[in-house]
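Descriptive structure summary
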Amino acid sequence: MDTEFTFDIIVVGAGHAGCEAAHAAATMGMETCLVTMDMEKIAQMSCNPAIGGIAKGQIVREIDALGGLMGLVTDQTAIQFRMLNLSKGPAMWSPRAQCDRMRYSATMRQMLENTPHLNLWQDQADELLVEQGHVCGVRTIWNVRLLAPCVIVTAGTFLNGLLHVGHNHIPGGRISEPACFHFSDSIARHGVRVGRLKTGTPVRIDGRSIDFSQLEEQKGDNDFHRFSYISQGRPLPQLPCWIGATNERVHEELRRGMKDSPLYNGEIQSIGPRYCPSIETKLHTFPDKTSHPLFVEPEGTNTHEYYLNGFSSSMPLDVQLRGLRQIPAFRDIVIYRPGYAIEYDYFDPTQMRHSLESKVIDGLFLAGQVNGTTGYEEAAGQGLVAGINAALKLQGKTPFVMKRDESYIGVLIDDLVTKGVDEPYRMFTSRAEYRILLRQDNADTRLTPYGIKLGLIDKQRQTLFEAKQADIQALMQYCETTVVAKDEINVHAEQLATTPPQFNMKLSGLLARPELNFKKLRQVLQGLNEAIEKTNQAQRAEIIEATEINLKYKGYIEREKQLAEKMHRLESIKIKGHFDYEKLTQLSIESRQKLSRIDPETIAQAQRIPGVSPSDINVLLVLMHR
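Here we summarise the structure given alongside this text. Please read all numbers here as calculations on a predicted model, not as lab measurements.

All chains considered together, the criterion is met by 45 salt bridges. Note that Arg446 and Glu62 form a salt bridge whose closest N and O atoms lie 2.9 Å from each other. On the criterion of sequence distance, the pair formed by Arg446 in helix H11 (residues 443-454) and Glu62 in helix H2 (residues 56-65) is long-range, its members being 384 residues apart. Overall, the relative accessible area of 15% leaves Arg446 in the buried class. The partner of Glu299 in a salt bridge is Arg204, and the shortest N-O contact between them spans 3.3 Å. Remark: Arg204 occurs in strand E15 (residues 204-206) and Glu299 occurs in the loop between strand E18 (293-298) and strand E19 (305-309); sequence separation between them is 95 residues. Arg204 sits in the buried class, given a relative accessible area of 0%. Here the residues in one salt-bridge network are Arg404, Asp414, Asp415, Lys419, Glu433, Glu571 and Arg608, joined through shared partners.

Turning our eyes to something else, we now look at helix H10 (residues 408-419). Under the 1.5 Å per step criterion, the end-to-end length of H10 is 16 Å for 12 residues, consistent within 8% with the ideal 16 Å. Most of H10 sits out of view: 11 of its 12 residues are buried. Within H10, burial applies to Tyr408, Ile409, Gly410, Val411, Leu412, Ile413, Asp414, Asp415, Leu416, Val417 and Thr418.

Among the nonpolar cores identified, the biggest contains 110 residues, and Ile10 and Phe183 are the most heavily contacted of them. Sorting elements by how many residues they give to this core places helix H9 (residues 376-394) first, with 10 residues. Those residues within four positions of Ile10 in sequence are excluded, and the remaining contacts are Cys33, Val35, Gly137, Val138, Leu146, Leu147, Ala148, Cys150, Val151 and Ile152.

Here the focus is the environment of Asp185. The topology assignment puts Asp185 in helix H5 (residues 183-188). Residues Asp185 and Thr199, spaced 14 residues apart in sequence, show a C-alpha to C-alpha distance of 21 Å.

It is worth spelling out the sheet that holds strand E14 (residues 194-201) at this point. Spatially, four strands are ordered E13-E12-E21-E14 in an open sheet, and the strand pairing comes out antiparallel. The sheet is open, and its two edges are formed by strand E13 (168-171) and E14, each paired on a single side. Recorded for the sheet is a direction-independent mean angle of 25° between the axes of neighbouring strands. Of the strand pairs in this sheet, strand E12 (residues 162-165) and E13 are connected by four bridges, and their pairing is antiparallel. Paired with Leu163 across the bridge in E13 is Ile170.

Moving on, we get to the side chain of His225. By the secondary structure assignment, His225 is in the loop between strand E16 (216-218) and strand E17 (241-245). At 3.0 Å, the side chain of His225 and the side chain of Asp223 are in polar contact. Among the polar contacts listed, one links the side chain of His225 to the side chain of Glu545, at a separation of 2.6 Å. Apart from residues no more than four positions distant in its own chain, His225 is found in contact with Phe81, Met83, Arg234 and Glu545.

Strand pairing in a sheet is mediated by backbone hydrogen bonds. Such pairs are either parallel or antiparallel. If you trace the three strands from one edge of the open sheet to the other, you get E4-E6-E5, paired in antiparallel fashion. The sheet is open, and its two borders are formed by strand E4 (50-52) and strand E5 (78-84), each paired with just one other strand. Geometrically, the sheet is characterised by an average inter-axis angle of 15° between neighbouring strands, direction not taken into account. Here E5 pairs with strand E6 (residues 94-99) via six bridges, running antiparallel.

With that out of the way, let us pick up the packing of aromatic side chains. For any pair of aromatic rings, geometry is given as the distance between the ring centres together with the angle between the planes. Inspection of every chain in the model, using the stated rule, returns eight aromatic pairs. Consider the rings of Phe579 and Tyr581, whose centres lie 5.9 Å apart with planes at 50°: the pair is tilted. An identical accessibility class is assigned to Phe579 and Tyr581; each is buried. Each member of the aromatic cluster is reached from another via a ring pair, and the members are Phe212, Trp242 and Tyr306. Lying over the aromatic face of Tyr229, Arg61 brings its terminal NZ or CZ to 3.9 Å of the ring centre. The ring of Tyr425 carries Arg431 above its face, with NZ or CZ at 4.2 Å from the centroid.

Here is what the cut-offs are and how they apply
- Residues numbered from 1 in each chain as written.
- Predicted model: local features only at pLDDT ≥ 70, side-chain atom pairs only at ≥ 80, totals over all residues.
- Heavy atoms only, no water.
- Salt bridge = Lys/Arg side-chain N within 4 Å of Asp/Glu carboxyl O.
- Helix = DSSP H or I, 4+ residues; strand = E, 2+ residues; numbered from the N terminus.
- Buried < 20%, exposed > 50% of the residue type's maximum accessible area, 1.4 Å probe, protein only.
- Expected span 1.5 Å × (residues − 1).
- Core = buried A, V, L, I, M, F, W, Y, C linked by side-chain atoms within 4.5 Å.
- Contact = heavy atoms within 4.5 Å.
- Pairing = 2+ DSSP bridges.
- Axes fitted to C-alpha atoms, helices over the stretch in contact; angles between N-to-C directions.
- Polar contact = N/O pair within 3.5 Å; in protein donor to acceptor, adjacent residues only side chain to side chain.
- Phe/Tyr/Trp six-rings, centres within 6.5 Å; stacked < 30°, edge-to-face > 60°.
- Lys NZ or Arg CZ within 6 Å of the ring centre and 35° of its normal.

Take a look at the structure:
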């Protein structure tokens, strides 16, 4: 007889999506069970031990602003932090941290184990239990029935996972970890479409075999920036990364082994991530390039293991080694394990609602790589939203859906649901049309009010947030109302490296000059210095940064807000359930097919579907008016 346990919500998989989903649901008061195959691998960094990067760093700050865990864990385990793109505008600034891989997993587990209403269960989900179109739980390989009216699947690369190194093909979800063979079939039989995708990872190197004198040292930043709005700095020692490159001798060795690459001999059929290509894909796509950059990154403070960023590969082990040993820094290289590729199942994301609930199976939520995405941050953002919406569903409340001008997570989910994927989806700033609104510095301003409303933010954090917002508003008001006499600034014009103003100016006007900032002006304007000193000292650096950006880019910010407002009007025109698209002969055939398949909620969502033309949208607007 099966053993049964009953919960409100079950989360399958304790990767980055599953951890955020389980934590959010439990924090909102739901009795939650997080099912994982190995409690020692919670939040395992399967590939690069780093969090953040271009647009992905913004996602982590958004997760933190909503009360998620990833930012806090990253700050506690970071061994190098950098703010990328500082030479560009603030819309492009993106935090990134190298983490201690083992400490990251242990810290996340500790936080989950101390979350009320959250239970951990070590087992493998084998079957999704569905009755009359409604999910009712999962059955595990040990014949345990975990029953719940909502199930969140965050199984990563484990669903029918297949590992590739040269001609060796081994079932697995990660190297040395078993695949999950029946679970995706138990979902697909109810009408959920399944596809296959591919990703990969590079060799891991013993640092004692690296000649670091042949590499360029890359140190991190040591300033106030961090991922979480409430963390207290970075407690671990900060370590350098190192920069190298391939060369023609490397490429020659790899080209000789290309016939044995499963990517190019037909053994791998599925599509890999375009923006994280394997080294063999780089050689194939850019045949004229004589070198490709490599980044040698430490895995932790208590290990000799290094990650070779830029050398993802599924070529035979001997080919990988021969190629690497043509690089002077790696002539005596010793590795812990080879690079490999992995193929895995994913589910068509256009069959989801924006809440990440399946349109096919009521109560089934999907998050992470099972939706066709790649990246820890994309997964965590989806997991957080799925956990929130599963809890809201059980509470009988309206789903939590972020608009495209509110968060990168909102852009990510809208892209998945509206456009689908034909390759692993990765977030970039270029995917967001409202980048100046979605900066890393203002994620708390945008999203923490939602976190408070949802019950994800405790009173202490709410007080800190409200005090910070009050300080920003007070400092902005001071700058916008204070007039600086031209004589007062002209005597310091040479020191400030600015053109002497010809008339009195508001302080906000001076700050709009690209060469001026708070740091310079507070040294010569006593009133400004006093206004800054009134702000909360612990949060002062972030308050100054946020205020300065708001003042310098005020015109651009207002213009994007106006564009977003126009789009909101289209978002308010609901079309779901109004049309049988196949009968609308005024629309193109492609438009009819795609609108029928995706069944968009609003005119704005229909507008974002590839293949739906502006004239098709005009037809729908006319029909809605009638």
